[in-house]
Amino acid sequence: MSPGREGSWTFVVPAVVTWFLLDAIVFVQAKNFEDVRCKCICPPYRNFTGHIYNRNVSQKDCNCLHVVEPMPVPGHDVEAYCLLCECKYEERSSNTIKVTIIIYLSVVGALLLYMLFLLLVDPLIRKHDAYTQPLHNEEDSEVQEMRPPVDSAQAKGNTVLERVEGAQQRWKKQVQEQRKTVFDRHKMLS
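Cut-offs used in this document
Residues numbered from 1 in each chain as written. Predicted model: local features only at pLDDT ≥ 70, side-chain atom pairs only at ≥ 80, totals over all residues. Heavy atoms only, no water. UniProt positions renumbered as here; feature names shortened; annotations may be inferred. Patch = residues over 30% accessible without salt bridge, like charges linked within 9 Å, V, L, I, M, F, W, Y side chains within 5 Å. Areas by Shrake-Rupley, 256 points an atom, 1.4 Å probe, with all protein chains shown as cover. Salt bridge = Lys/Arg side-chain N within 4 Å of Asp/Glu carboxyl O. Helix = DSSP H or I, 4+ residues; strand = E, 2+ residues; numbered from the N terminus. Buried < 20%, exposed > 50% of the residue type's maximum accessible area, 1.4 Å probe, protein only. Disulfide = S-S within 2.5 Å.

- An unreviewed UniProt entry annotates the protein chain as Transmembrane protein 9 isoform X1 originating from Cottoperca gobio.
- Word for word, the UniProt comment on the protein chain under Sequence similarities (unreviewed entry) is "Belongs to the TMEM9 family."
- Under Subcellular location (unreviewed entry), UniProt gives the following word-for-word description of the protein chain: "Membrane".

Rendered as structure tokens:
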């Protein structure tokens, strides 16, 4: 399998698994909710406490008389009570919510897989460099051993990994030279 295909499979597999899990959850909970509802918020009225009522009704039936059941007030106060209630028709798209969650979980899953891949491969890529030692103080910088020159055939890497390692070694050498010049200047100023 080519490297490009492995990357696409690491994204597709979590997406498919997540899709089936969410689909199963939504199927189980489908009896408990709908994508449309009428929500009536009724404040306290005389000696009756306030309450929130939800019901699945059509948009034209979204009013206090169709949603508030059982009616907490007696028959002659129903109209006054319903005038105080605020009813709103709400609708949502559970499919859009599912797709958004699947995309989010797939991206997080792909990033976690990529992190695990890097954690496993990183020790294999990094090699201990015996020629360079960290610079601890001014005396060590004067005694430090320099890396032997590399011939041009070796410096030209055939693979991306070899080119990256070469660039890393050049960068380390530049940093060590900069440290040495800073410590030399510091020593001269002291």
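Resuming the write-up.
Observations concerning a nonpolar patch on the surface
In step 1: Taken together, the side chains of Ile 97, Ile 101, Tyr 104, Leu 105, Val 108, Leu 112, Leu 113, Met 115, Leu 116 and Leu 119 present a nonpolar region at the surface, about 900 Å² in accessible area.
In step 2: Within the element layout of this structure, Leu 112 appears in helix H4 (residues 94-125).
In step 3: We classify Leu 112 as partly exposed; its relative accessible area is 45%.

Re the state of the cysteines
In step 1: Under the definition given, this model contains four disulfides.
In step 2: A sulfur-sulfur distance of 2.0 Å marks the disulfide that ties Cys 38 to Cys 62. Measuring handedness by torsion sign, the sulfur bridge of Cys 38 and Cys 62 sits at about 75° and is right-handed. Pair noted here: Cys 38 is in strand E1 (residues 36-42) and Cys 62 is in the loop between strand E2 (51-55) and helix H2 (64-67), with a separation of 24 residues, a long-range link.
In step 3: Residue class for Cys 62 comes out buried when judged on its relative accessible area of 15%.
In step 4: If one numbers only the bonded cysteines of the protein chain, in the order they occur, the disulfide pattern is 1-4, 2-8, 3-7, 5-6.

Some words on the pattern of salt bridges
In step 1: For the structure on display, the rule yields four salt bridges.
In step 2: The partner of Arg 46 in a salt bridge is Asp 77, and the shortest N-O contact between them spans 2.9 Å. With Arg 46 in the loop between E1 and E2 and Asp 77 in the loop between H2 and helix H3 (78-84), the pair connects residues that are 31 residues apart, well separated along the chain.
In step 3: For Asp 77, a relative accessible area of 9% gives the class buried.
In step 4: Its salt-bridge partner being Glu 86, residue Lys 88 comes within 3.7 Å of it at the nearest N-O pair.
In step 5: The exposure class assigned to Lys 88 is partly exposed, which follows from its relative accessible area of 45%.

Notes on the UniProt feature "transmembrane region" (unreviewed entry) in the protein chain
In step 1: UniProt marks residues 101-121 with the feature "transmembrane region" (unreviewed entry), using the numbering shown here.
In step 2: As a span, residues 101-121 carries 100% helix and 0% strand, and end to end its C-alpha atoms are 30 Å apart.

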